[in-house]
Amino acid sequence: MSFGAMFLASPVQWWTGRSQVRVRKYLGIVFFLLALSNGLMFAIESGVGAALSAPFLVAGTIALALAAPLFVTSNRWSQRTLGMRRWRLLHKATYVIAAALMVHVLLIGDVGPGFVLIALGFAARIPAVRRWIQQRSDRR
């Protein structure tokens, strides 16, 4: 659910005109820590080799592995060191993580609010939908 909320931060920014950078950053950190603890608990319970034993686990492992560099670089020092252009390019992996999480959740069969938030986040990024959101915010 934290990832879904983070993924909706940009559409909320388009709608309200208020920056959601801090919110997105902290939700991303919370997401990674929750995903890491979930992965570690599974690995302890079932063994590390089981992480690739089922398709839903593969999707979850991909999401976690891709989220690790984003977690490590979620600070100003990394932005300065990498440069904003490279840093942003790296953080576009968020879209692949979102897709992997959706596959993970669909394969588990536990579609809930987090899945819906991610789906809404993807839908909001469709150019026509984004324009519609921004036009509505301009009328306020």
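All of the points below concern the structure found in this document. (Residues numbered from 1 in each chain as written. Predicted model: local features only at pLDDT ≥ 70, side-chain atom pairs only at ≥ 80, totals over all residues. Heavy atoms only, no water.)

1. With respect to the side chain of Ser78
Working step 1: Along the chain, Ser78 turns up in helix α5 (residues 76-82).
Working step 2: Non-local contacts of Ser78, meaning those with residues more than four positions away in its chain, are made with Val72, Thr73, Gly83 and Trp87. (Helix = DSSP H or I, 4+ residues; strand = E, 2+ residues; numbered from the N terminus. Contact = heavy atoms within 4.5 Å.)

2. Considering the environment of Ser74
Working step 1: Within the element layout of this structure, Ser74 appears in the loop between α4 (55-72) and α5.
Working step 2: Using a relative accessible area of 16% as the deciding quantity, one classes Ser74 as buried.
Working step 3: Taking C-alpha positions, Ser74 is 13 Å from Ala93, a pair spaced 19 residues apart along the chain.
Working step 4: For Ser74, the residues in contact, after removing those within four places along its chain, are Lys25 and Ile29.
Working step 5: Polar contacts involving the side chain of Ser74 include one to the main-chain carbonyl oxygen of Phe71, which spans 2.8 Å. (Buried < 20%, exposed > 50% of the residue type's maximum accessible area, 1.4 Å probe, protein only. Polar contact = N/O pair within 3.5 Å; in protein donor to acceptor, adjacent residues only side chain to side chain.)

3. Describing the packing of helix α7 (residues 93-108) against helix α8 (residues 113-124)
Working step 1: Across the interface, α7 lies against α8 with an axial gap of 10 Å and an inter-helix angle of 140°. As far as their axial angle goes, α8 and α7 are oblique. Crossing geometry of α7 relative to α8 is assigned as left-handed. Where α7 approaches α8, its residues Tyr95, Ala98, Ala99, Leu101, Met102, Val105 and Leu106 are matched on the opposing element by Phe115, Ile118, Ala119 and Phe122.
Working step 2: Here the contact of α7 with α8 is composed, by residue class, of 11 nonpolar, no polar and no charged. (Axes fitted to C-alpha atoms, helices over the stretch in contact; angles between N-to-C directions. Parallel < 35°, antiparallel > 145°, perpendicular 65-115°, else oblique. Left-handed = near helix turned anticlockwise from the far one by under 90°. Nonpolar A, V, L, I, M, F, W, Y, C, P; charged D, E, K, R; others polar.)

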